Structures are given as structure tokens and as C-alpha cells.
Amino acid sequence: MPIEKLDTVDAFIVFDLADAPESVGIVRSARKILPGGASDLARSMTYAFATFEMQRSGASAGINALDDDRADAVAKFTAEIAPMVAAGRFLPEPGTRVPRTALESLAESDPRATIGDVADQTTVVGVVAAAAFAAGGLDGRTVAIEGSGQICDALTSAVEDRGGTIVEVNGQADVLFAGSKMGAIDHTAAEQLQVGTLVPYGPIPVTARALAILGRAGTTVVPDFIATAGSLFAWWPTGDPTPEAIAADAAAKITASLEEIADHPEGLFLAASYRAESFLSTWQDSLPFGRPLAS
């Protein structure tokens, strides 16, 4: 997995597939961003693209900066990667301490059809569609949402519109949305949960140990790289480019992808991984090592 260090700022970009024509991923900033976490984030995006048969790669960037220096560091980062964005080599998405407003200077050169609100809204639509399929509908279901923020507010409204009831995250619910951070659901948290279905709204919220524990408990865990893939259909729409049509297309394709693997004896995660890897094998000489789960 190639790691490219920048020249003008203490920052790096991880590219999951070196020869991909386009790479997309989250940009995060902290005092010290570790390449390992960035690699995990990149892998999740790669599997999302592969699930929907797109020859693109995941990527992820880290900007190492203290709070007082962050604005300057992010500005230097965006200036240096501008040629990459125009070429499609690295297309950034907001992440920890790097809001979308910090990436505004790159928007005009970004080759994706739409970024920002439409893509974000389509992500929510996709997450809800995944939950509705995996849980057999949301009407009458109790739903807990781990985390807070704009996406959680949007999920709350969508669940209530579908007849679901929001409950506290106290370990028991029909459906749990998780995604506040990587590894939000680790083995300790998993042992306390009593949920029928877990649906990610952010990248890799479940650790490998947690996935095993939840599987033994009979919890259906939707792969994050399917549930959160709605934005892909906004970035590269294949039909009617209106927001409503894009959202409907994303919901239909995410639902269909889950229907295809719903009865796999090894569960959704492994079934989805096998399918993604099968597509990757059609254009990569070797598969990237490791599947998209939090450490």
C-alpha cells in the first residue's frame, strides 16, 4: 500500500491500489495521524468500489498538526494536492478536524459530478436502505444510534419517517446504527449489545473480534463498505442526475447488493468480501492484504 509524503506540510496520503485511475478518501488531522488507521479507511473505500464494480481505489490522508497550527497546515495540504485532485488521482473527503469547508478550494477542480450535500444525503439514504433490508423493514422497530452530529440527526428523521422508534444506546434494540469512529464497536462493547441488526453509517466501526462476537450472538452486521456506499452514486451518476433520482438509484443498488448475498452461509461480511475480491481480481494482479475491519 503506497504512502506518499507531502513536501510542504507534515502530511501523507495512503493509496490502497497504486495503479488505480482514481482514488477517493477521507482527510483527517491530529497531532499524530497513524498510517495504519489511514490504511484501514482506504481499504473500506476500495471494497465499496469493488462491490459496485468500479475500477477505483480507496485512499486516506493524514495531516499532522497541533490545533493552533491546523488551519495553516490544511491550507498547505490543499494547495499541494490541487494537481492531484484535478487529475483525479486523489479526491478528498472531509474527516476528523478537516471539515468540508476546509476543502472548498478544491471543489472546482474535483472531477466528481457532485460533492457535498447531495453526496452526504445520498449516503444517509443508502444507510437507511441497508437497515430496512437487513432488519426486514423499520416500521415498528426500535432503533439506537451510536454517536451524534448531522448524520445522526438525519438518520433519526429517516427512521421516524419509516415508522421506527429511536431509543437510547443501552445495549438493546432491534437496529443499531454505529459509525462515530473507527472501532466504535469493539469486543467489549459487542459483549454488552443485544441488537438484531447493526448497520454502519461511517467507515469500519466494528473490530474483527466484535464481528465474531456479534455473529455468535445472532446479530446481522451489514458491511460498512455496502451500507455507506451511497455517495458513490452521487459522485458518478449513471442515469438521471437529479438528487432524487440519485438517491433512489443508490437505495436500489445497495438493497440489491445485500439481497444477492443474504443467504450466504458465512454471513454478510465474508460474502460481501468474497464478492469484492472477485471483482478486484479482474483488474489487479494481486489482492490487497487484509479486509476492512477496525484493528
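Structure first, text after, so check above.
Keep in mind that what you see is a predicted model, and the values were worked out from it rather than measured.

### Details of the sheet that holds strand S7 (residues 165-167)
Phase 1 of the analysis: Within the open sheet, the five strands sit side by side as S7-S6-S8-S9-S10. Their pairing is parallel. Only two strands of the sheet have a single partner each, and these edge strands are S7 and strand S10 (220-221).
Phase 2 of the analysis: The pairing of strand S9 (residues 194-200) with S10 spans two bridges and is parallel. The residue of S10 that forms the bridge with Leu198 is Val221.
Phase 3 of the analysis: Packed onto the sheet, helix H3 (residues 117-134) meets strand S8 (172-178), S9 and S10 and runs at close to 145° relative to S9.

### Some remarks on helix H6 (residues 208-216)
Phase 1 of the analysis: Among all positions in H6, only Ala210, Leu211, Ile213 and Leu214 are buried. Summarising the axial view, the buried residues of H6 lie within an arc of 165°, below the 170-degree limit, and thus occupy one face. Those residues of H6 that are exposed and aimed more than 90 degrees away from the buried face are Arg209 and Arg216.
Phase 2 of the analysis: Of the surrounding secondary structure, the elements contacted by the buried residues of H6 are helix H5 (187-192), S9, S10 and helix H10 (267-280).

### Considerations on the pattern of salt bridges
A side chain of one charge can pair with a side chain of the opposite charge if their charged atoms are brought near each other.
Phase 1 of the analysis: Taken as a whole, this structure holds 12 salt bridges when the rule is applied.
Phase 2 of the analysis: Here Arg275 ties to Glu260 by a salt bridge, and the two come within 2.9 Å at their closest N and O atoms. Placement of Arg275 in helix H10 and of Glu260 in helix H9 (residues 243-261) is noted, with a sequence separation of 15 residues between them.
Phase 3 of the analysis: Note on Glu260: relative accessible area 58%, which makes it exposed.
Phase 4 of the analysis: What you see here is one network of salt bridges that share partners, running through Glu93, Arg100, Asp110, Arg112 and Asp120.

### Considerations on the packing of aromatic side chains
Phase 1 of the analysis: Scanning all chains against the criterion turns up six aromatic pairs.
Phase 2 of the analysis: With 5.1 Å between their ring centres and 85° between their planes, Phe52 and Phe233 make a pair best called edge-to-face. With Phe52 in the loop between helix H1 (35-51) and strand S4 (57-64) and Phe233 in helix H8 (residues 230-235), the pair connects residues that are 181 residues apart, well separated along the chain.
Phase 3 of the analysis: Judged by relative accessible area, which is 15%, Phe52 ranks as buried.
Phase 4 of the analysis: You can call Phe233 buried: its relative accessible area is 5%.
Phase 5 of the analysis: An aromatic cluster is defined as three or more aromatic residues linked by ring pairs; in this entry it consists of Tyr47, Phe225 and Phe269.
Phase 6 of the analysis: Over the face of the ring belonging to Trp236 we find Arg56, whose NZ or CZ atom lies 3.6 Å from the ring centre.
Phase 7 of the analysis: One residue, Arg89, lies across the ring of Phe15, its end atom 4.6 Å from the ring centre.

### Digging into the pairing of S4
Phase 1 of the analysis: For S4, a buried count of eight out of eight residues is recorded, marking the element as mostly surrounded by other parts of the structure.
Phase 2 of the analysis: Of the pairings in the sheet, the one linking strand S2 (residues 11-15) to S4 comprises five bridges and is antiparallel in character. Note that in S4 the partner of Val14 across the bridge is Ser60.
Phase 3 of the analysis: In the sheet, strand S3 (residues 23-30) pairs with S4 via eight bridges, with the strands oriented parallel. Residue pairing across strands places Gly25 opposite Ala59, the latter belonging to S4.
Phase 4 of the analysis: Between the parallel pair S3 and S4, the chain is carried across by H1, and the sense of this crossover is right-handed.

### Some words on unusual backbone geometry
Outside of glycine, negative phi angles account for most residues, and trans bonds account for most peptide bonds.
Phase 1 of the analysis: Backbone geometry at Arg97 places phi at a positive 60°, although glycine is not the residue there.
Phase 2 of the analysis: Of note, the phi angle at Ile204 is positive, near 35°, even though the residue is not glycine.
Phase 3 of the analysis: Within the fold, Ile204 resides in the loop between S9 and H6.
Phase 4 of the analysis: Overall, the relative accessible area of 1% leaves Ile204 in the buried class.

### Topic: the nonpolar core
Phase 1 of the analysis: By size, the foremost hydrophobic cluster in this structure holds 89 residues, and its most contacted members are Ile13, Phe77, Phe90, Phe177, Ile185 and Leu232.
Phase 2 of the analysis: Excluding its chain neighbours within four sequence positions, the residues that come into contact with Phe90 are Ile13, Phe15, Ser23, Gly25, Val27, Ala59, Ser60, Ala61, Phe77, Ile81, Met84 and Val85.
Phase 3 of the analysis: Formed by six residues, the second largest nonpolar core is a distinct cluster that contains Phe12, Val14, Ala30 and Ala42.

What counts, and where the lines are drawn
- Residues numbered from 1 in each chain as written.
- Predicted model: local features only at pLDDT ≥ 70, side-chain atom pairs only at ≥ 80, totals over all residues.
- Heavy atoms only, no water.
- Pairing = 2+ DSSP bridges.
- Helix = DSSP H or I, 4+ residues; strand = E, 2+ residues; numbered from the N terminus.
- Contact = heavy atoms within 4.5 Å.
- Axes fitted to C-alpha atoms, helices over the stretch in contact; angles between N-to-C directions.
- Buried < 20%, exposed > 50% of the residue type's maximum accessible area, 1.4 Å probe, protein only.
- Arc of directions from axis to C-beta.
- Salt bridge = Lys/Arg side-chain N within 4 Å of Asp/Glu carboxyl O.
- Phe/Tyr/Trp six-rings, centres within 6.5 Å; stacked < 30°, edge-to-face > 60°.
- Lys NZ or Arg CZ within 6 Å of the ring centre and 35° of its normal.
- Right-handed = clockwise from strand over helix to strand, strands pointing away.
- Core = buried A, V, L, I, M, F, W, Y, C linked by side-chain atoms within 4.5 Å.

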